[in-house]
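Structure assessment
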Amino acid sequence: MMHGQLLGFLFLMWVLIIIGGAIAVVILGPISISGFGEFDPLINSIVKGIIAIGLSIAWILILTKMKNLIFRKTFNY
Amino acid sequence: MTELIIPAVVSCIVAFFTVYLTTPPLIKFLQKRNYTVIDKHKKGHVMIARPGGISIIAGIIASEIILYAFLQMNEILAVMITTFLAFVIGYIDDRKGMGGWFKPIGLALAALPIIFLGAYDSDLAFPLFGEVHIPILYLAIIIFMIVITGNTINSIDVLNGVASGFMVIASFSLSIALFILQNYEIAIISLPLGFVSLAFYKYHKIPCKIFPGDSGALTLGAMYGAIAIVGQVEVIAAVALLPAVLNSFLFLASVKKIVDHRELNEKPVELTDDFKLKATKNKKARISLVRLIVANTPLSEKEVCYVIFKLALFSAGLAIITAFMMEFKV
């Protein structure tokens, strides 16, 4: 039973990676900010970095929720 | 492609036999010098030699030097230097027992040769959706990758043979993914990692004769991360490593700070009278992959290892599927 839950959780992590990749390419990729002259690449990277950190935090939060949901009985010693 | 067969075969033979032949004398040397630690999961007072990272790094350096002689690629130098620096960091930790932040900071510095040698491409490739160009952000990814792969392999090194056995499965699946993506040169650079791990597994599996130590685990993890960067297979590498990532995630989610596991008093698993592993009922103890595996029923160390290997094989399958998905665009 526990092994099935672990496999399910690994599969969920994989699905979240695929979805995260889609968001990164569709949203993060096309972002292009101009008007800051030579600072354009830096500003672009900072904005993309902030979004990437936000996505990572969202990934961890979703994973934490799912972990609690899947392993609730196990954690409840 | 055919011109790569000889370097590939020679480097794999050298990688395997360097570790296979140097580990027994290393075990004797370490035992003679009293460089041993207790195996907490065994009956009696069983002392095991440590660190085995010395023979692991010997196998990696010897095989990669041979590959460099044939191919003269910057990527080989980057992988070699980063891996060696990770070994040095792990060896210092083996000897001095440094604090929780030492390894992440050290591994971040170990990643710098990849940047300085320019052995990377700043496009991050995802399955089905293509690539995203992140020139400056990618530098941070390089550093995070080495820190994460090094530490996750180190964190899964909890039972006899797990770190080396897990690395055999993960690294060979990464090599297969690189072949699928027709990145043949990096695939060949990655092969020695699997053969080094396989040779070390012979002495690391139950009944263990030598522990890899932090030097061994960080060496294997950092090389894996470096290959993922130079081969542009970061996402595939992360997928193959998922059970170890899950273990680190559970650790951080329950401890909520970066700390060396040796600094924590409450252990996640206990031993039964017949030396099986069972989950602790102590609510203060951290949650780990092993604790989840034995949550319902106590299992022997060997049985837990096999469950971890099954999880690794499942992730390896997902990694190979991900490699095929890289070929398709939505």
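Note that residues are indexed from 1 along each chain, following the sequence as it is written. Written order determines the labels here, with chains lettered from A and ligands numbered from 1. Two thresholds apply to this predicted model, a pLDDT of at least 70 for residue-level local features and 80 or more for giving and counting side-chain atom pairs, whereas whole-chain, interface and lining totals are computed over all residues.

The next subject is the overall build of chain A. A count of helices and strands for chain A gives three helices and zero strands. The helix count covers DSSP runs of H or I at least four residues long, the strand count covers runs of E at least two residues long, and both are numbered beginning at the N terminus. Counting helices and strands in the order they occur from the N terminus, chain A gives α-α-α. Taken over C-alpha atoms, the radius of gyration is set against a globule rule of 2.2 Å times the number of residues to the power 0.38. Computed over C-alpha atoms, the radius of gyration of chain A comes to 18 Å, more than 25% over the 11 Å expected from 2.2 N^0.38 for 77 residues, which places it beyond the range of a compact globule. Oriented by its inertia axes, the alpha-carbon framework of chain A measures out at about 60 × 20 × 10 Å. Partly exposed residues are those falling between the two cut-offs: more than 12 but fewer than 20 other C-beta atoms within 10 Å of their own, whereas 20 or more means buried and 12 or fewer means exposed, with C-beta atoms placed from the backbone. Of all 77 residues assigned to chain A, the portion counted as buried reaches 18%.

This part covers helix 9 (residues 213–230) of chain B. Residue and element names in this part refer to chain B. A rise of 1.5 Å per residue sets the reference length of helix 9, with its 18 residues, at 26 Å; its end C-alpha atoms lie 26 Å apart and thus fit the reference within 8%. Counting buried positions along helix 9 gives 18 out of 18 residues, so the element sits mostly inside the fold. Of the residues flanking the end of helix 9, it is Q232, one or two places downstream, whose phi is positive at about 55°. Helix span is expected to be 1.5 Å times the residue number reduced by one.

The next thing to look at is the environment of B:I236. All names here are of chain B. Within the secondary structure layout, I236 lies in helix 10 (residues 234–240). Under the C-beta neighbour-count criterion, I236 is labelled buried, with 29 such atoms within 10 Å. Along the primary structure I236 and V304 are separated by 68 residues, whereas in three dimensions their C-alpha atoms are 25 Å apart. Contact criterion: two residues are in contact if their C-beta atoms, reconstructed from the backbone, are within 7 Å. Those residues in contact with I236 that sit more than four places away from it in its chain are L174, A177, A319, T322 and A323.

Below, the discussion takes up the confidence of the model for chain B. pLDDT is a residue-level measure of predictor confidence that goes from 0 to 100. Confidence in the prediction for chain B averages 92 pLDDT; 97% of positions are at 70 or higher. At the level of chain-chain contacts, confidence expressed as ipTM amounts to 0.89, with global pTM at 0.92.

So, on to the confidence of the model for chain A. Of all residues in chain A, 91% have pLDDT values of 70 or greater, and the mean over the chain is 82. When the elements of chain A are averaged for pLDDT, helix 3 (residues 72–75) of chain A gives the smallest value, 66, and helix 1 (residues 2–28) of chain A the largest, 88.

Residues and elements named next belong to chain B. Turning to its location among the elements, M98 is positioned in the loop between helix 3 (74–96) and helix 4 (102–110). Put simply, M98 and A244 are 146 residues apart on the chain and 22 Å apart in space, counted from C-alpha to C-alpha. Among all residues touching M98, those that are not within four sequence positions of it are I92 and D93.

To continue, consider the pairing of strand 4 (residues 130–133) of chain B. Residues and elements named next belong to chain B. Pairing of strand 3 (residues 123–126) with strand 4, which is carried by four bridges, proceeds in the antiparallel orientation. Within strand 4, the position partnered with L124 by the bridge is V132. Between strand 3 and strand 4, which pair antiparallel in sequence order, lie three residues; one of them, L128, sits at a positive phi of approximately 70°. A pair of strands is treated as paired once DSSP finds two or more bridges between them.

Moving on, we get to the interface of chain A and chain B. Counting residues at the interface gives 31 residues for chain A, matched by 30 residues for chain B. Elements with a contribution of two residues or more to the side of chain A that touches chain B: helix 1, helix 2 (40–70) and helix 3 of chain A. Among the elements that take part in the side of chain A that touches chain B, helix 1 of chain A stands out by supplying 16 residues, more than any other. Residue polarity is assigned by list, with Asp, Glu, Lys and Arg as charged and Ala, Val, Leu, Ile, Met, Phe, Trp, Tyr, Cys and Pro as nonpolar; anything else, Gly included, falls into the polar class. Here the residues of the side of chain A that touches chain B are counted per class, giving 22 nonpolar, seven polar and two charged.

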